[in-house]
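Notes for the structure review
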Amino acid sequence: MPEADSASFSARADTILGIHWPTRAPAARFVQAEAWLRYAVPALLATFLACLAGLTALHLQNQRDELLAAASADLETFTRLSAGALAGRVGSDEAAQASLADLFPAGALPAGRRVLIVARGERIVAARPPLPAGAETLETVLGEAEALSTLGERAGVMRLALAGGDTVFAAMRRLPDGQDRIAVMQSVEALTATWTGRARHQAILVAAAALVIVGVGLAYGLQSRRAKAIDKVCEQIRQRLDTALGRGACGLWDWDIPRGQIYWSDSMYALLGYRREREFLSFGDVNALVHPDDGDLYSLARGLAASQTAVDHAFRMRGANGAYIWLRTRAEVVPDVTDGGRHLVGIAVDVTEQQHLAEASATNDMRLRDAVEAISEAFVIWDTSNRLVLCNSKFRHLHALSPEDAQVGRRYDEVMGRGVLPQIRREMPETDTASATARTFEAELTDGRWLQISERRTKDGGYVSVGTDITNLKRHQEQLVASERELIETVKDLKRSRRTLELQTQQLADLAERYLDQKAAAESANQAKSEFLANMSHELRTPLNAIIGFAELMASELYGPLGSARYGEYCADIRASGDYLLSMIDDILHMSRIESHRVRLARREIAVAAAVSNALKLVSEPARQKNLHVAVDLYPGLALLADERALQQILVNLLQNAVKFTPANGRIAVRARPAGDHAHLFIEDTGIGIPKAALARLGAPFSQVETNLTRSHKGSGLGLAIARSMAELHGGSLRIRSEETVGTIVLVRLPRPTSEHLATVAAEDAGQQTVAALREASGASARQPQPQPAGA
């Protein structure tokens, strides 16, 4: 394998048997930071606890301040509203007490709130709820040093410490219609009672969370110490396992079948010469290293999917130096208890040397068998127990044995009992000292062949038998005589064949000469026909122009009235017939020019939309008279590389046919679509259609669908022929699909102005100019007719 491939397998894995250790992160930077994290996590937990306690305390303090600020604003508003409600209702002590009882019945005031009405001399005339005995002045309730009694309304809401130790918010306001004042006090302890309960609950929650976090931190520390110890043990196990695998020339595999990931041990990488780069290898990476002749991992995966639980497979894998190494893999499917998947776990042993020895032995054995099979003699070896060791096909054929009869390991009597022994005619005496252990004899077979059979004893007590075919030696003379007779007959046959060949050659030459004469005559007749049609067309155009002109002159009554209205109708009919006959003559003349190859195209880029629009103008009046609906669907910006007049003639001929053969209130559609370097023009109609039998000959000159007896539409039958010829001159084609009573679709395929087509047109124009110049220089232009434009 190239070095670039080996680089893709280099890195260190933090797994053993392909299993992740929980404390090892897959990324290298996390592994490096693991020791630091063991100390950073407890510090982070302590910092988190401190921040949690501080934020909780700050949150509770903010809640208490917001509560007291809202209570202060509420107390000031309450005092102002109460002063307004008591206006004019405090005239005496009893009235003041009654007014407070009406305004604030029992249970109406918030907890810890007290309302006082203070008269002159700081005397309290009414209180709700009632004051304890002995509290008759404001100084007694608030204390001597309080500034509320002095400042009054200007003090606003003040926080006061009462003589009994309670802390209250107090506010005072003068009644609108008297000298009395109203004082309102709110106990701070009553305000903060709910907040105190919530603060207690939050403190309990924070303490519980702190307890849990401290426990988690302690558990983390213990687990970190234990994981560190386990890592050391696992590292020792991995090193010992890699050492054992490396010494044993084998590697460890762990194939995660559902995920397609494969883990290799370090010894496996060393076995193949690669370096580790990723912890796991993908299924495709490993499969690409398997020799293509040894199957692939896909077949192994399919076998495992078929409930196969054990694998014993030998295959070749490509090493880092590009050479293939034979591996024998023994593995077993192990379920993964963590995710329920399956792992194929096993070892791969390097059996390259054993495989090479087995291959060499098999090669030598195959060479021996091939050599035995290749010799022309019948060959067989028997062991000391008279059991068959080896024989070739000649031996089986000699004794009429099938491959099943001559199986290795069968005894001599069992094998020969199934075959036929040849008849011994003559035994040849041995002249050497080994005659006691060898013999040679000749045998005649039933098919007339002769064999010389030689038997020799082997050193281990068996013997080998070789039968040589000597039929050729005995019948050599007969074969020479027969060959001489066959040679004489062959020479005679060759002489007869030569005379026959010379006769056939002469006949072929005569046929070729007659073919050339007939071809020249046909071409001359075709040329004469084209020239005759052209001459006739020119001769007919002159009188027709006169007929059309005089008919138009008579119809206009330029020199006076004709006398009868029918004469005007006759003149119109004469002119229409002349126009029709003139169009037929033009078609015949144009067709003759095409057949005589006198049409020259001036191709350029033409917009399809403009060409279709110009063609539709010429058929719009007949289509309107028949109330035909004409639909146009063109691809935006589509252009053609064509001769403008030729393209116009193609479109006009096809559209005229569509209008002619479509009944009234029918439909005609013109579509254009790009098709690679060509464009497709479709002319569809809902006309009478064309029979299938007539489609094959349609498009030939003077060919029409209707016969002379059934014709209901006028025409020369050259419209489709001219359109098809023009399309083919452009390098395109014309095809027709039709069904009777349903309609017809005509497809015209023409080239688009691509760079390749433009270069071809430029080369053709240059070639035509060169040919024209050569003709002019040689005087040929005076003798040959000049090509004319497509629309002339």
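What comes next concerns the included structure. Residue positions are given per chain, counting from 1 as you read along its sequence in written order. Totals for whole chains, interfaces and linings use every residue, but because this is a predicted model, local features are given only for residues with pLDDT of at least 70 and side-chain atom pairs only at 80 or more, for both listing and counting. Side-chain measures here rest on the full set of heavy atoms in the structure, leaving out hydrogens and waters.

1. With respect to the sheet that holds strand β12 (residues 324–335)
A pair of strands is considered paired only if DSSP assigns at least 2 bridges between the two. What counts as a helix is a DSSP run of H or I of at least four residues, what counts as a strand is a run of E of at least two, and both are numbered from the N terminus. Spatially, the six strands line up as an open sheet ordered β10-β9-β8-β13-β12-β11, and their pairing is antiparallel. Each having just a single partner strand, β10 (281–282) and β11 (310–318) make up the two edges of the open sheet. Of the pairings in the sheet, the one linking β11 to β12 comprises nine bridges and is antiparallel in character. What sits directly across from valine 311, in β12, is alanine 331. Contacts from helix α12 (residues 352–374) reach β12 and β13 (342–350), with the element oriented near 120° to β12. Residue contacts are counted whenever heavy atoms from the two residues lie within 4.5 Å of one another. Between the N-to-C directions of two axes lies an angle of 0 to 180 degrees, each axis being a line fitted to C-alpha atoms and, for a helix, fitted only over the stretch in contact.

2. Comments concerning the packing of helix α19 (residues 644–660) against helix α21 (residues 719–729)
Here α19 crosses α21 at 145°, and the two axes come no closer than 9 Å. When you trace α19 past α21, the crossing you get is left-handed. The residues of α21 that touch α19, namely those facing Ala646, Gln649, Ile650, Asn653, Leu654 and Asn657, are Gly719, Leu720, Ile722, Ala723, Met726 and Ala727. Looking at side-chain class alone, the contact of α19 with α21 contains eight nonpolar, four polar and no charged residues. For a crossing to be left-handed, the near helix must be turned anticlockwise from the far one by less than a right angle; the clockwise case is right-handed. When residue character is reported, Ala, Val, Leu, Ile, Met, Phe, Trp, Tyr, Cys and Pro are called nonpolar, Asp, Glu, Lys and Arg charged, and the others, Gly included, polar.

3. Quick notes on the environment of alanine 551
Along the polypeptide, alanine 551 turns up in helix α16 (residues 476–556). Between the C-alpha atom of alanine 551 and that of aspartate 573, which follows or precedes it by 22 residues, the distance is 8.7 Å.

4. What to know about the side chain of threonine 329
Positionally, threonine 329 belongs in strand β12. In contact with threonine 329, not counting residues within four places along its chain, are Val311, Asp312, His313, Phe315, Ile347 and Ala348.

5. Points about the pairing of strand β7 (residues 181–187)
Only protein chains enter the accessibility calculation, which uses a 1.4 Å probe; a residue whose area is less than 20% of its type maximum is buried, one above 50% is exposed, and one in between is partly exposed. Of all seven residues making up β7, seven are buried, and the element is well covered by its neighbours. Burial along β7 is two-sided: the face carrying Arg181, Ala183, Met185 and Ser187 and the face carrying Ile182, Val184 and Gln186 are both buried. Across seven bridges, the pairing between strand β6 (residues 167–174) and β7 is antiparallel. Residue arginine 174 lies in a different strand from β7, and its bridge partner there is arginine 181.

6. A look at the packing of aromatic side chains
Pairing of aromatic side chains requires ring centres within 6.5 Å, counting the rings of Phe and Tyr and the six-membered ring of Trp. Pairs whose planes differ by under 30 degrees are stacked, by over 60 edge-to-face, and all others tilted. Per the stated rule, a full pass over the model turns up four aromatic pairs. When the ring of tyrosine 263 is compared with that of phenylalanine 280, the centres are 6.3 Å apart and the planes differ by 65°; the resulting orientation is edge-to-face. Pair noted here: tyrosine 263 is in strand β9 (residues 261–264) and phenylalanine 280 is in the loop between α9 (266–272) and β10, with a separation of 17 residues, a long-range link. Phenylalanine 280 matches tyrosine 263 in its accessibility class, with the two residues each being buried. With centroids separated by 4.9 Å and ring planes inclined at 75°, the aromatic side chains of tryptophan 382 and tyrosine 412 adopt a geometry described as edge-to-face. Taken together, the positions of tryptophan 382 in strand β14 (residues 378–382) and tyrosine 412 in helix α14 (residues 412–416) put the pair 30 residues apart, joining distant regions of the chain.

7. Considerations on helix α18 (residues 608–625)
With 18 residues, α18 extends 26 Å from end C-alpha to end C-alpha; this agrees with the ideal 26 Å at 1.5 Å per step. Taken together, the buried positions of α18 are occupied by Val608, Ala611, Val612, Ala615, Leu616, Val619 and Ala623. Buried residues belonging to α18 abut β21 (603–607), β22 (629–634), β23 (639–643), α19, β24 (667–675) and β25 (678–685). Positioned one or two residues after α18, asparagine 627 has a phi angle of 55°, which is positive. Helices are assigned an expected span. That span is 1.5 Å times one less than the residue count.

8. Quick notes on the pairing of strand β26 (residues 733–739)
Burial along β26 is one-sided: Leu734, Ile736 and Ser738 are buried, while Ser733, Arg735, Arg737 and Glu739, pointing the other way, are not. Strand direction decides the pairing type here: β26 and strand β27 (residues 743–751), joined by seven bridges, are antiparallel. Bridging from a neighbouring strand, arginine 737 pairs with isoleucine 745 of β27. Hairpin connection, β26 to β27: the antiparallel pair is bridged by three residues, and threonine 741 has positive phi, about 65°.

9. Focus: the side chain of aspartate 254
Along the polypeptide, aspartate 254 turns up in strand β8 (residues 250–256). A polar atom in the side chain of aspartate 254 sits 2.8 Å from the side chain of histidine 343. The definition of a polar contact used here is a pair of N or O atoms within 3.5 Å, where within protein one atom must be able to donate a hydrogen and the other to accept one, and adjacent residues in sequence count solely through side-chain atom pairs.

10. Points about unusual backbone geometry
A cis amide bond links arginine 128 with the next residue in sequence, proline 129, at an omega value of 0°. Along the chain, the position of proline 129 falls in the loop between β4 (124–128) and α5 (138–142). Although it is not a glycine, asparagine 665 sits at a positive phi angle of roughly 65°. With respect to the helices and strands, the residue asparagine 665 is situated in the loop between α19 and β24. Exposure remark for asparagine 665: the relative accessible area of 58% places this residue in the exposed category. Unlike most non-glycine residues, threonine 741 shows phi in positive territory, near 65°. Locating threonine 741 in the fold gives a position in the loop between β26 and β27. The class for threonine 741 is exposed, based on a relative accessible area of 71%.

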